[in-house]
Amino acid sequence: MANTAKPCKLALIQLAVSADKDANLANARTHVLEAASKGANLIVLPECFNSPYGTGYFPEYAETLADGPSVKSLSAMAKDAKAYLIGGSIPERDPTDEKIYNTCTVYNPEGKLIATHRKVHLFDIDVPGKIRFQESETLTAGRQLTHVDTDFGKIGVGICYDIRFPEPAMIAARQGCFAMIYPGAFNLTTGPLHWELLQRARAVDNQMYVAACSPARDLKAAYHAWGHSTIVGPAGNVIETMDENQGIIYADLDLKTMAEFRQNIPLTTQRRFDLYADISKVKP
Ligand SMILES: NC(=O)CC(=O)C(=O)O
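Residues numbered from 1 in each chain as written. Predicted model: local features only at pLDDT ≥ 70, side-chain atom pairs only at ≥ 80, totals over all residues. Heavy atoms only, no water.

K.L.:
Explanation requested: the overall build of the chain in the structure shown.
P.N.:
Helix and strand content of the chain: seven helices and 15 strands. Compactness check: the chain gives a C-alpha radius of gyration of 18 Å against a globular reference of 19 Å for 284 residues, within 12% of the reference. Taking the principal axes of its C-alpha atoms as reference, the chain extends roughly 50 × 50 × 40 Å. In the chain, buried positions account for 52% of the 284 residues. Contacts spanning at least 24 positions in sequence make up 68% of the contacts within the chain whose residues lie at least 6 apart. Here the chain has roughly 12,800 Å² of accessible surface; of this, 53% comes from carbon and sulfur atoms. For the chain, the distance from the average position of its 29 positive side-chain charges to the average position of its 32 negative side-chain charges is 4 Å. (Helix = DSSP H or I, 4+ residues; strand = E, 2+ residues; numbered from the N terminus. Rg over C-alpha atoms; globule rule 2.2 N^0.38 Å. Buried < 20%, exposed > 50% of the residue type's maximum accessible area, 1.4 Å probe, protein only. Contact = heavy atoms within 4.5 Å. Areas by Shrake-Rupley, 256 points an atom, 1.4 Å probe, with all protein chains shown as cover. Lys, Arg positive; Asp, Glu negative; His and termini not counted. Charge placed at Lys NZ, Arg CZ, Asp CG, Glu CD.)

K.L.:
Would you explain the site of the ligand in this entry?
P.N.:
Looking at the ligand, the residues that line it are Tyr53, Lys119, Phe123, Cys160, Tyr161, Arg164, Ala185, Phe186, Asn187, Thr190 and Tyr223. Between the ligand and Arg164 there is a distance of 2.5 Å, counted from an oxygen atom to a side-chain nitrogen or oxygen. Asn187 places a polar side-chain atom, nitrogen or oxygen, 3.3 Å from an oxygen atom of the ligand. Coverage of the ligand by the protein amounts to 100% of the 270 Å² it exposes when considered alone. (Near = heavy atom within 4 Å. Polar contact = N/O pair within 3.5 Å; in protein donor to acceptor, adjacent residues only side chain to side chain.)

K.L.:
Could you clarify how one ought to interpret the side chain of His117 in this entry?
P.N.:
Its place among the elements puts His117 in strand S6 (residues 113–118). On the accessibility criterion, His117 (2% relative accessible area) is buried. Polar side-chain contacts of His117 include one of 2.7 Å to the side chain of Thr146. Here Asp162 takes part through its side chain, which lies 3.0 Å from a polar atom of the side chain of His117. Contact partners of His117, with chain neighbours within four places excluded, come to Asn102, Thr103, Cys104, Gln144, Leu145, Thr146, Val157, Gly158, Ile159 and Asp162.

K.L.:
Would you take a moment to explain unusual backbone geometry for this structure?
P.N.:
Note: most residues except glycine have negative phi, and most peptide bonds are trans. Unlike most non-glycine residues, Cys48 shows phi in positive territory, near 50 degrees. If you trace the backbone, Cys48 turns up in the loop between strand S2 (42–44) and helix H2 (57–61). Taking relative accessible area as the criterion, Cys48 reaches 3% and is therefore assigned buried. Here the phi dihedral of His228 falls at roughly 55 degrees; this positive angle occurs in a residue that is not glycine. Tracing the backbone through its elements, the reader meets His228 in the loop between strand S12 (209–213) and strand S13 (230–232).

K.L.:
What should I look at first to understand the nonpolar core in this one?
P.N.:
By size, the foremost hydrophobic cluster in this structure holds 45 residues, and its most contacted members are Leu10 and Phe178. Sort the elements by how many residues they give to this core and strand S11 (residues 177–183) lands first, with six residues. In this structure, Leu25, Val32, Leu45 and Ile90 belong to the second largest nonpolar core, which totals 23 residues. (Core = buried A, V, L, I, M, F, W, Y, C linked by side-chain atoms within 4.5 Å.)

Structural measurements only, silent on function.
Right, here's the structure in full:
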């Protein structure tokens, strides 16, 4: 990968989310502009930042990308911040078939919508006595992986549960992405177990940056987000992390150091695809 890209200052905004969509959009705007004023040029919002997180809320809060208030508002935020904006995720209604998706929209510094990612792995789990959540009750899964070209280089985008599957991050790295960004909302059961571990795993496996941006925790809400938004480096090292409260963390992403690290431990050229070419064919 060439190292001619512009320096990238990443900001993750761990937003407090309420049931009031307009208030959530206004709160996002205040924090996006604050991050930009501190020099961030790649800014990330959390999963489901404009609505409470829950299958009952998705149909009520869903909007179309063509004329919904959230896309308009996110586009204006990116433009006013003069920054790339990975706009967390929103419940999206597709007007062609009325299906609802958990969708991340991405904007360039001119406010143009340059990519969308519909969560491809739906969060359907049942841990008895702890947590049952079935996104598929009201959501449909996306059908493609998402890589976005920016002035800094190419970035892969996933949403929350997508991080549990190593393949999208590996494909992104092999296709030249220097970072995987996951708006996400783990919970008080899976958060302490897996949130940081999965980010470090995706980073160290692929020698790339990984960042996951959560909503702040609200114990009065139906879903209790873990928080702890985190930025991990290509060596699997935690660069910045935080607690469960609203706030912003920053990191300078350095592609030169990443390239050197990849040269020192050259996993990419040492892979034995002759032994594990298509693992979907391996019988369980
Ligand atoms: N909320 C999610 O999509 C995923 C999650 O909480 C988990 O994997 O744990």
